[in-house]
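Residue-level listing of the chains:
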Amino acid sequence: AVVSTQSTGGDQVFISYNNDGRPSGQCYFCVETQSQYEAVHSKDKQNFGHRWIEVFDSSGPEMERATGGTRVKDPVVKLRGLPFQITRQEIEEFFAGLLVVNVTMLMNENGMRSGAAYIQFATKEEAQTALKKHMQTIGDSGRYVEVFMATMKEMENESPVREATEGRRGTVVEEG
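So, a few notes on the structure that sits alongside this text. Everything numeric in this text was worked out from a predicted model, so none of it was measured.

**Structural notes on the overall build of the chain**
A count of helices and strands for the chain gives 5 helices and 11 strands. Across the 176 residues in the chain, those meeting the buried criterion constitute 33%. Taking contacts inside the chain between residues at least 6 apart in sequence as the whole, the part at least 24 apart equals 54%. If you sum the accessible surface of the chain, you get close to 10,800 Å²; carbon and sulfur atoms cover 49% of it.

If you want it as structure tokens, here you go:
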């Protein structure tokens, strides 16, 4: 599960998303005062659009377990299944309407593109929106691309240029 954090005037709402970027139907609402708590609980079994909702008490650890402990931490996604000749411009077109800050294309042990890349966006919300592109085709290649939430740490751990003698994946081409 992936979780998006949204602010509602001081309160925080953590909306849970499936790995494919679609809402799971669950969210966690963090409150600080008794009046906020009562306001949230007043919505129990009320209609919300065409659906009704249930409100339960929860704890921080419970929220972490339910969401897999993977709150959106950084504005980064990882792409897999990219055409080997993909360009930064084609990636930016794929994410039209979102501000791409950096593209880091991973290379294999032979120095060729591996078909994977990390994309850094301007905001966490843009990275969350980018997840909706999961399993969509990119460019004229007709290839579908997998889009996963990632962190800056994952990107840094996987992407530093390594010495050629290591013969390991991880060498990168940075277009930023």
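**Considering the pattern of salt bridges**
Any two side chains of opposite charge can pair, given that their charged atoms come close. Scanning the entire structure with this criterion turns up 5 salt bridges. Where K45 meets E54, a salt bridge forms, and the shortest distance between an N and an O atom there is 3.9 Å. With a relative accessible area of 53%, K45 lands in the exposed category. E92 is the partner of R88 in a salt bridge, and the nearest nitrogen-oxygen pair spans 2.8 Å. With R88 and E92 both in helix α3 (residues 88-94) and 4 residues apart, this pair spans about one turn of that helix. Taken together, the shared-partner salt bridges connect D44, K45 and E54 into one network.

**Description of the packing of aromatic side chains**
Here the structure, examined in full by the defined rule, presents 2 aromatic pairs. Aromatic rings pair up to connect F94, F95 and F121 into one cluster. The ring of F94 has K133 lying over it, and the distance from NZ or CZ to the ring centre is 4.8 Å.

**Points about the nonpolar core**
Counting 19 residues, the largest nonpolar core has V77, L79, L82, I91, F95, I119 and F121 as its most contacted members. When neighbours within four sequence positions are excluded, F121 is seen to be in contact with P75, V77, F95, L98, L99, V100, V101, E126, A127 and A130. In terms of nonpolar packing, the next biggest core, distinct from the first, is built from 6 residues, V76, A116, Y118 and M155 among them.

**Considerations on the pairing of strand β7 (residues 100-107)**
Judged by how many residues are buried, β7 sits mostly within the fold: 7 of 8 residues are covered. Direction of pairing for β7 relative to strand β8 (residues 113-121): antiparallel, over a ladder of 6 bridges. Counted as the bridge partner of M107 is R113 from β8. Where β7 folds back on β8, the antiparallel hairpin that results is connected by 5 residues, among which G111 adopts a positive phi of roughly 80°.

Conventions we followed
Residues numbered from 1 in each chain as written. Predicted model: local features only at pLDDT ≥ 70, side-chain atom pairs only at ≥ 80, totals over all residues. Heavy atoms only, no water. Helix = DSSP H or I, 4+ residues; strand = E, 2+ residues; numbered from the N terminus. Buried < 20%, exposed > 50% of the residue type's maximum accessible area, 1.4 Å probe, protein only. Contact = heavy atoms within 4.5 Å. Areas by Shrake-Rupley, 256 points an atom, 1.4 Å probe, with all protein chains shown as cover. Salt bridge = Lys/Arg side-chain N within 4 Å of Asp/Glu carboxyl O. Phe/Tyr/Trp six-rings, centres within 6.5 Å; stacked < 30°, edge-to-face > 60°. Lys NZ or Arg CZ within 6 Å of the ring centre and 35° of its normal. Core = buried A, V, L, I, M, F, W, Y, C linked by side-chain atoms within 4.5 Å. Pairing = 2+ DSSP bridges.

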